[in-house]
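# Summary of the model geometry
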Amino acid sequence: PSEPLRGLSYIKIALFFMYFVYIIYSDTFDLFYKGVTEHLEKRLFEHNNDFSRYTSKKGPWKLVYSQAFENKSEALKEERRFKKLNRQSIVALIG
């Protein structure tokens, strides 16, 4: 049998939530939408299935940008910054 690891008294498992700032785009209406969420795939589904008032009936939406943050306050700061960007800046950001 193999020997246990020496000097290792415990294994620390860090669980944390990720927050995503994202930009979605509708070809149909030539619109960008910026938001923040903990569940990126679920949120995109909600946008494409008319669960969001602003994006309802304006899809289909596709994810064109996302950035992960370890804490909500940083994600919300970035979302506020994104919402101030003009179209040219958004296009440059998503490259």
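Residues numbered from 1 in each chain as written. Predicted model: local features only at pLDDT ≥ 70, side-chain atom pairs only at ≥ 80, totals over all residues. Heavy atoms only, no water.

## With respect to the pattern of salt bridges
Across all of its chains, the model carries 7 salt bridges by this definition. Put simply, E74 and K77 hold a salt bridge, and the shortest N to O gap is 3.1 Å. With E74 and K77 both in helix α2 (residues 72-84) and 3 residues apart, this pair spans about one turn of that helix. Linking K83 and E79 is a salt bridge whose minimum nitrogen-to-oxygen distance equals 3.7 Å. Of this pair, K83 and E79 are both found in helix α2, 4 residues apart, which corresponds to roughly one turn of the helix. (Salt bridge = Lys/Arg side-chain N within 4 Å of Asp/Glu carboxyl O. Helix = DSSP H or I, 4+ residues; strand = E, 2+ residues; numbered from the N terminus.)

## Let's talk about unusual backbone geometry
Note: most residues except glycine have negative phi, and most peptide bonds are trans. Along the chain, G59 connects to P60 via a cis peptide bond; the corresponding omega equals 5°. With respect to the helices and strands, the residue P60 is situated in the loop between α1 (40-48) and β3 (61-69). At D50, a residue that is not glycine, the phi angle is positive and equals roughly 60°. With respect to the secondary-structure elements, D50 resides in the loop between α1 and β3. The class for D50 is partly exposed, based on a relative accessible area of 33%. (Buried < 20%, exposed > 50% of the residue type's maximum accessible area, 1.4 Å probe, protein only.)

## Section: the sheet that holds strand β2 (residues 31-37)
Across the sheet, which stays open at both edges, the 3 strands sit in the order β2-β1-β3 with antiparallel pairing between neighbours. One side of each edge strand has no neighbouring strand; the edge strands of this open sheet are β2 and β3. Averaged over all pairs of adjacent strands, the angle between strand axes in this sheet comes to 20°, irrespective of strand direction. Pairing analysis gives 8 bridges linking strand β1 (residues 19-26) to β3, with the strands arranged antiparallel. Bridging from a neighbouring strand, F20 pairs with A68 of β3. With respect to the sheet, helix α3 (residues 87-94) is in contact with β1, β2 and β3, its orientation differing from that of β2 by roughly 65°. (Pairing = 2+ DSSP bridges. Axes fitted to C-alpha atoms, helices over the stretch in contact; angles between N-to-C directions. Contact = heavy atoms within 4.5 Å.)

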